[in-house]
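# Coordinate inspection notes
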Amino acid sequence: MKQLTVISGKGGTGKTTLTAAFASLAKNAVIADCDVDAADMHLILKPEILEKEDYYSLEIARIDPELCIECGKCREFCRYEAVSENFEVDPYECEGCAVCTIVCPNGAVSMKKKVSGQSFSSETRFGPMAHARLGIGEETSGKLVSTVRTNAKKLAEQYHKDLIIIDGPPGTGCSAISAITGTDLVLVVSEPTVSGIHDLKRVLELTAHFMIPTVICINKYDINEENTQLIENFCAEMEIPVIGRLPYNDIVTKAMLQEQTLIEYAKSSACLNENEFADQVCQIWARVENILMGVQDKQTGIKTLKMKNL
Amino acid sequence: MKIAIASGKGGTGKTTVSLNLALSLSDVQLFDCDVEEPNCNLFLGFDLEKVEDVVCPVPVIDQEKCNICRQCSDFCRYNALAALPTRVLFFPSLCHGCGGCAVLCPEEAIQESQRFLGVIEKAKGRSSPEFYRGLLNIGETMTSAVIKELKKHIDDHKTAILDAPPGTACPVITSIGDVDYCVLVTESTPFGFHDLKLAIGVVRALKIPFGVIINRWGLGDSRVEEYCKAEGIPVLLKIPNDLRIAELYSRGIPFVQEMPEWKEKFLSMFEAIKLQLAGVEEART
Ligand code: SF4
Ligand code: SF4
Ligand code: SF4
Ligand code: SF4
């Protein structure tokens, strides 16, 4: 079973749109929406939930006012300033470290589980999908990302799928790390803006750090062709393949408003421009599939991707 | 006054709004709280200097003193310690620096040292806006720790604008938790609308007064506007889906610099926010 993660340095680069298009093109795949902070894929894929499970992150502390003698030890030892002056625990600040439980002389503190979200196993018109919803202000979404990935693997086994397509979260923090570790290929969707280039370099550092083969797709390349050239030069130098560039096209928003993937939308569109755009996405997908198969050949010694340390 | 600029997710134009607002006001501080991907300075181009390192205390185990009682590894909620038959292993990247293991160890075998999580930087000399940012080291997960350190540089006598990270998880809460007002940036597409509702959930849970900016206005449909109207949420500003703005953005130029008429709009938005807050105050008393 192969795993592909699609990420971007930041949101809004068209990552989910592209991933959804891939989902409609892939023949035998499970889709995993790992952008758990702001999961959007379900808006297009309309999953029908088969299984739902509560997700518990770390426990948080609770002080029993009956037992508390207001000695202040917990406040003194809590490094996250989560205990207030009147000895109440702020659930947003508490990191669940449990230090207060060991320093309290009167056993007034206990650790309480709390539901921090839900994970789902679902069915879509393009195959099984694993996704989740994180409760507001909840922590450790990295752990929820891992839960979604585990569910995706289970679905893949259950339905005999040989590929998992993961829509990753933005950034380079804990959720992004959880979404890319152990995957076979990372596709970075980049944008030719000054900040896009900067974000691209940060995520490439991340994929290099975890030694994951990486390819790039430049979206909206025509909003600044000079910057597109900069990205291509940089990638050539780093020996990271740029496997496609897509122009700016309204089809992305139009398809979204119809709750369709852009491939579906293009099928009913008579617009040449839009059809061409969808064709380009198909080509990018074909390349991704080829590379994934190449990665598979690693055992036989064929190396498809070169990665230089950044 | 502290104003955070947030949105349910990235790419909606948070940084654009933060920058243009900061550049339209005087005597203002700007904080880039998106420490995983701080982008503000790409548009400002300030020379930065390091203000401080952000560190996290980590245990150092004296293997001589340790009798492998396993108390520390059993306690650690983040699995940063693992007791083997012959020694205790430590995984720095998992440690949150809570200090519990050192408190617990009956043999006093644990001392603390420091691990570097990232840095806080500021614009050199006198700049307008006064600018600070945090930068998380690659591969690190303690995002909120860096944001907390960054926010210690807020000067309460000035207007502080905080460019929040995307999402609705811990780093966002840390960034916007104690601000006076939150500006939510969105676009009127199904994704934008969905993410806006998540963001509204966050600010409502935190009881922060807020308003909405619709970015790339004209793209998509009118669902965001209709929703805001129905919910009585002020739409503070509409930034059109303008090729010129997008082009300036791609080149790293805040658009108020080339389109000065927008300064006025950001200024009046700032005044509207103050009025809204005054109203909130009045309603409270
Ligand atoms: S569990 Fe840790 S973070 Fe929470 S209140 Fe106790 S000491 Fe503070
Ligand atoms: S350490 Fe225990 S007894 Fe002391 S203030 Fe905290 S909760 Fe109360
Ligand atoms: S300081 Fe806390 S998080 Fe770090 S190893 Fe010790 S118990 Fe675990
Ligand atoms: S608590 Fe102290 S003595 Fe016990 S295993 Fe940990 S370091 Fe060793």
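Residues numbered from 1 in each chain as written. Chains lettered and ligands numbered in written order. Predicted model: local features only at pLDDT ≥ 70, side-chain atom pairs only at ≥ 80, totals over all residues. Heavy atoms only, no water.

## Some remarks on the overall build of chain A
On a plain count of helices and strands, chain A comes out with 11 helices and 11 strands. Looking at chain A alone, contacts between residues at least 24 apart form 77% of all its contacts between residues at least 6 apart. For chain A, the computed accessible surface area is about 13200 Å², with 48% contributed by carbon and sulfur atoms. Across chain A, 31 positive and 43 negative side-chain charges occur, with their mean positions spaced 4 Å apart. (Helix = DSSP H or I, 4+ residues; strand = E, 2+ residues; numbered from the N terminus. Contact = heavy atoms within 4.5 Å. Areas by Shrake-Rupley, 256 points an atom, 1.4 Å probe, with all protein chains shown as cover. Lys, Arg positive; Asp, Glu negative; His and termini not counted. Charge placed at Lys NZ, Arg CZ, Asp CG, Glu CD.)

## Some words on the sheet that holds strand E11 (residues 235–240) of chain B
Within a sheet, each strand pairs with its neighbour through backbone hydrogen bonds, oriented either parallel or antiparallel. All names here are of chain B. Taken in spatial order, the nine strands make up an open sheet running E3-E6-E7-E2-E8-E1-E9-E10-E11, and their pairing is mixed. The sheet is open, and its two borders are formed by strand E3 (48–61) and E11, each paired with just one other strand. Across this sheet, the average inter-strand angle for adjacent strands is 20 degrees, counted without regard to direction. In this sheet, strand E9 (residues 181–186) lies alongside strand E1 (residues 2–6) in parallel orientation, the contact comprising four bridges. By the bridge assignment for E9, Ile3 is matched with Tyr181. Contacting strand E2 (28–32), E3, strand E6 (110–123), strand E7 (130–136) and strand E8 (159–163), helix H5 (residues 143–151) runs over the sheet at an angle of about 160 degrees to E7. (Pairing = 2+ DSSP bridges. Axes fitted to C-alpha atoms, helices over the stretch in contact; angles between N-to-C directions.)

## Some details on the packing of aromatic side chains
For any two aromatic rings, the description comes down to two numbers: the centre-to-centre distance and the angle of the planes. Evaluation of the coordinates by the stated rule reveals eight aromatic pairs over all chains. For the pair Phe255(B) and Trp262(B), a centre-to-centre distance of 5.5 Å together with 85 degrees between the ring planes defines the contact as edge-to-face. Put simply, the rings of Phe255(B), Trp262(B) and Phe266(B) touch in pairs and so form one group of aromatic residues. One cation-aromatic arrangement involves Lys201(A) over Phe234(A); the distance from NZ or CZ to the ring centre is 4.8 Å. Seen from the ring of Trp262(B), Lys265(B) lies directly overhead, with NZ or CZ sitting 4.2 Å from the centre. (Phe/Tyr/Trp six-rings, centres within 6.5 Å; stacked < 30°, edge-to-face > 60°. Lys NZ or Arg CZ within 6 Å of the ring centre and 35° of its normal.)

## Focus on the packing of helix H7 (residues 190–205) of chain B against helix H8 (residues 223–231) of chain B
All names here are of chain B. Close contact between H7 and H8 brings their axes to 10 Å; oriented N to C, the two are set at 30 degrees. As far as their axial angle goes, H8 and H7 are roughly parallel. Across the interface between the two elements, Pro190, Phe193, Leu196, Lys197, Ile200 and Arg204 from H7 touch Arg223, Val224, Tyr227 and Glu231 from H8. When grouped by side-chain class, the residues that make up the contact of H7 with H8 number six nonpolar, no polar and four charged. (Parallel < 35°, antiparallel > 145°, perpendicular 65-115°, else oblique. Nonpolar A, V, L, I, M, F, W, Y, C, P; charged D, E, K, R; others polar.)

## Some details on the sheet that holds strand E11 (residues 242–245) of chain A
All names here are of chain A. The nine strands are arranged E3-E6-E7-E2-E8-E1-E9-E10-E11 in an open sheet whose pairing can be described as mixed. At either end of the open sheet lies a strand with only one pairing partner, and these are strand E3 (48–56) and E11. Each adjacent strand pair in this sheet contributes to an overall mean axis angle of 20 degrees, direction not counted. In terms of strand pairing, E3 meets strand E6 (residues 115–124) through eight bridges, oriented antiparallel. Across the sheet, the residue bridging to Glu48 is Glu123, located in E6. Lying over the sheet, helix H1 (residues 15–25) contacts strand E1 (2–7), strand E2 (29–33), strand E8 (163–167), strand E9 (185–190) and strand E10 (214–218), oriented at roughly 160 degrees with respect to E8.

## Digging into the environment of Tyr92(A)
With respect to the helices and strands, the residue Tyr92(A) is situated in the loop between helix H3 (73–77) and helix H4 (99–103). The sequence separation of Tyr92(A) and Thr207(A) amounts to 115 residues, and the corresponding C-alpha distance is 31 Å.

## What about the domain arrangement of chain B?
Reports often express the size of an interface as the amount of accessible area lost when the parts come together. Residues and elements named next belong to chain B. Its domain assignment divides chain B into domain 1 (2–46 + 127–283) and domain 2 (56–116). One C-alpha centre belongs to domain 1, the other to domain 2; they are set 40 Å apart. The interface is formed by four residues belonging to domain 1 together with six residues belonging to domain 2. In total, domain 1 and domain 2 occlude about 360 Å² of area from one another, counting both sides; carbon and sulfur atoms represent 40% of this. When the buried surface of domain 1 facing domain 2 is broken down by residue, Asn137, Glu140 and Met142 rank first, second and third, together holding 86% of it. Across the domain 1-domain 2 interface, the total number found is one salt bridge. (Domains from an automatic or database assignment. Buried area = accessible area lost by both parts, 1.4 Å probe. Salt bridge = Lys/Arg side-chain N within 4 Å of Asp/Glu carboxyl O.)

## Here's the deal with the site of ligand 4
The immediate surroundings of ligand 4 are formed by Ile61(B), Cys66(B), Asn67(B), Ile68(B), Cys69(B), Arg70(B), Cys72(B), Val88(B), Cys105(B), Pro106(B), Glu107(B) and Ile110(B). In terms of residue class, the shell around ligand 4 is built from nine nonpolar, one polar and two charged. (Near = heavy atom within 4 Å.)

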